[in-house]
Amino acid sequence: MNAAGRVETNGVALHTETFGDPSDPVVLLIMGAMSSAVWWPEGFCLQLADRGRYVIRYDHRDTGRSTAYEPGQIAYTVDDLADDAVGVLDAYGIARAHLAGMSLGGLLSQLIALKYPDRVLSLTLVASERLASEDSNMPPMDPRILAYHARAGELDWYDRKSVVEYQVGAWRLQAGSAHPFDEAAIRRMAEEDLGRTDNPLTSMNHALLTGGERWLDRLYEVRAPALIVHGTEDPVLPYAHGVALTEALPETTLLTLEGTGHELHRADWETILNALERHTASR
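For the structure given in this document, a descriptive report is provided here. (Residues numbered from 1 in each chain as written. Predicted model: local features only at pLDDT ≥ 70, side-chain atom pairs only at ≥ 80, totals over all residues. Heavy atoms only, no water.)

## Side note on the pairing of strand β3 (residues 26–30)
Our working rule: Partly exposed describes any residue whose relative accessible area lies between the buried limit of under 20% and the exposed limit of over 50%, with all areas from a 1.4 Å probe on protein chains only and scaled to the type maximum. Strands here are runs of E lasting at least two residues and helices are runs of H or I lasting at least four, both read from the DSSP assignment and numbered beginning at the N terminus. Strands were regarded as paired on the criterion that DSSP finds at least two bridges between them. Seen with its strands pointing away from the viewer, a crossover is right-handed when the path leading from the first strand over the helix to the second is clockwise.
Extensive coverage of β3 is indicated by the burial of five of its five residues. Burial along β3 is two-sided: Val26, Leu28 and Ile30 and Val27 and Leu29, pointing in opposite directions, are all buried. Pairing geometry for β3 and strand β4 (residues 54–58), over four bridges, is parallel. Across the sheet, residue Leu29 finds its bridge partner in β4, namely Arg57. With helix α1 (residues 42–50) bridging β3 and its parallel neighbour β4, the resulting β-α-β unit is right-handed. Both β3 and strand β5 (residues 97–102) contribute to a ladder of four bridges, which runs parallel. Pairing of Ile30 across the sheet is with Gly101, part of β5.

Shown next as structure tokens:
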């Protein structure tokens, strides 16, 4: 990590971390729901910075070291989370950036591209879905994942070991068959995440997120070129979501990760980074 900071924007404080040379093209990393910036692995960020990109990752509201609310007391929408990302760029004096979002982060990236088109150079959408009305033709989340998280209320959230085990179990369910599950790496990130979070229950507020309705079904308006990265064994947002997202945006490239799940596995980093480096060049 090159530097850490605290950004005041939209009435909240957001913890940020940067990697690389500020004079290089900027890639803002936006993580998924209930996940702090830790889940963009530091090694991934450093390797991207070594490829000539200035990388910024940050903790969403209710995660990590950023502003948190009482559990069950959500006071913001997906629109606010999108505005937070732009607020991070503002705080760093960045007019335009490449956005890379995973899962919910990909959805937020699409919203930003619609609401703030002049701020977005390109989109990289990892394990994401369309910013669109509900579509009954899209395959649902694996019921095993829903069943797993339905037991969250039984967990002792004040027991650090139990919370780490819970997170490791969740990521294990999201893994594909292409690579062995990297339990050691996931455990390290879970412990780091918990170590920077006062109350891990606050992240559950993301399950209550609403908003974004005015931006639904408008992806044809997106001007930024998009790189879609999706695993064929994603149990959270099955591969069909990545294909539909590719078809919905005007200018796209689909990078299919055979056998990969809803994850950012180290064995896929080289493939993803090569594509990301090409995608964010010369813009």
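## Topic: the environment of Asp62
Test applied: Two residues form a contact once any of their heavy atoms are found within 4.5 Å. Whenever two N or O atoms come within 3.5 Å, that pair is a polar contact, provided that in protein one can donate a hydrogen and the other can accept it, and provided that, for residues adjacent in sequence, both atoms are side-chain atoms.
Structurally, Asp62 can be placed in the loop between β4 and α2 (78–91). In this structure, the C-alpha to C-alpha distance between Asp62 and Val164, residues 102 residues apart in sequence, is 17 Å. Not counting chain neighbours up to four residues away, the residues in contact with Asp62 comprise Thr67, Ala68, Tyr69, Tyr76, Thr202, Ser203, Asn205 and His206. Engagement of the side chain of Asp62 in a polar contact is seen with the side chain of Tyr76, the distance being 2.6 Å.

## A few points about the packing of helix α4 (residues 143–150) against helix α5 (residues 160–174)
Rule in force here: Lines are fitted to the C-alpha atoms to define the axes, a helix being fitted only along its stretch in contact, and any angle between axes, read from their N-to-C directions, falls within 0 to 180 degrees. Note on angle classes: values under 35 degrees are labelled roughly parallel, values over 145 roughly antiparallel, values of 65 to 115 roughly perpendicular, and the remainder oblique. Residue polarity is assigned by list, with Asp, Glu, Lys and Arg as charged and Ala, Val, Leu, Ile, Met, Phe, Trp, Tyr, Cys and Pro as nonpolar; anything else, Gly included, falls into the polar class.
Orientation of α4 relative to α5, taken along the N-to-C sense of each, is 170°, at an axis distance of 10 Å. With respect to α5, the axis of α4 lies roughly antiparallel. Contacts between α4 and α5 pair Arg144, Ile145, Tyr148 and His149 from the former with Glu165, Tyr166, Gly169, Ala170, Leu173 and Gln174 from the latter. Residue composition of the contact of α4 with α5, by class: five nonpolar, three polar and two charged.

## Re the sheet that holds strand β7 (residues 226–231)
Spatially, β1-β2-β4-β3-β5-β6-β7-β8 is the arrangement adopted by the eight strands of the open sheet, whose pairing is mixed. Edge strands, defined here as strands with exactly one partner in the open sheet, are β1 (3–9) and β8 (252–257). With direction set aside, neighbouring strand axes in the sheet form an average angle of 20°. Strand direction decides the pairing type here: β5 and strand β6 (residues 120–126), joined by six bridges, are parallel. Its bridge partner being in β6, Leu99 is matched across the sheet by Leu123. Each of β3, β5 and β6 touches helix α3 (residues 104–115); the most contacted strand, β5, lies at about 145° to it.

## Quick word on the layout of surface pockets
For clarity, the threshold we go by: Space inside and on the surface of the protein is sampled on a 1 Å grid over the protein atoms alone, with a cavity defined as a set of points where a 1.4 Å probe fits but cannot get out and a pocket as an open set with protein on both sides within 12 Å along at least 5 of 7 lines; lining residues have an atom within 4 Å of a point. Grid points are joined across faces, edges and corners, and a volume is the space filled by probe spheres set on the points.
Volume-wise, the second largest pocket comes out at about 340 Å³. In terms of lining, the second largest pocket is formed by 20 residues, of which the most central are Pro41, Ala185, Ile186, Met189 and Trp269. Sorting the residues of the lining of the second largest pocket by element identifies α6 (183–195) and α8 (266–279) as the ones contributing at least two each. Ranked by residue count, the leading element in the lining of the second largest pocket is α6, at five residues.

## Re the environment of Tyr239
Its place among the elements puts Tyr239 in helix α7 (residues 239–248). Once residues lying within four places of it in the same chain are set aside, the contact partners of Tyr239 are His230, Gly231, Thr232, Asp234, Leu254 and Thr256. Polar contacts involving the side chain of Tyr239 include one to the side chain of Thr256, which spans 2.5 Å.

## Some remarks on the pairing of β5
Along β5, six of the six residues are buried, which leaves the element largely enclosed by surrounding structure. Residues of β5 alternate between two faces, with Ala97, Leu99 and Gly101 on one and His98, Ala100 and Met102 on the opposite face, all of them buried. Since β5 and β6 lie parallel, the crossover through α3 that links them has a hand, and here it is right-handed.

## Structural notes on the side chain of Ser36
Residue position: Ser36 is located in the loop between β3 and α1. At 2.9 Å, the side chain of Ser36 and the side chain of Asp193 are in polar contact. Here Ser36 is in contact with Met31, Asp59, Thr63, Gly64, Asp193 and Arg196, once residues within four sequence places are set aside.

## Here's the deal with α8
Applied cut-off: Given the number of residues in a helix, its expected span is that number minus one, multiplied by 1.5 Å. Two axes enter the bend calculation: one fitted to the seven residues ending at the residue in question, the other to the seven starting there, and the bend is the angle between them.
Relative to the 20 Å expected for 14 residues at 1.5 Å per residue, α8 spans 20 Å between its end C-alpha atoms, a close match to the ideal helical length. Remark: the principal bend of α8, roughly 25°, maps to Ile272. The set of residues buried in α8 consists of Asp268, Trp269, Ile272, Leu273, Ala275, Leu276 and His279. Contact partners of the buried residues in α8: α1, β6, β7 and β8.

From the geometry alone we can't say anything about function, so treat these as descriptive.
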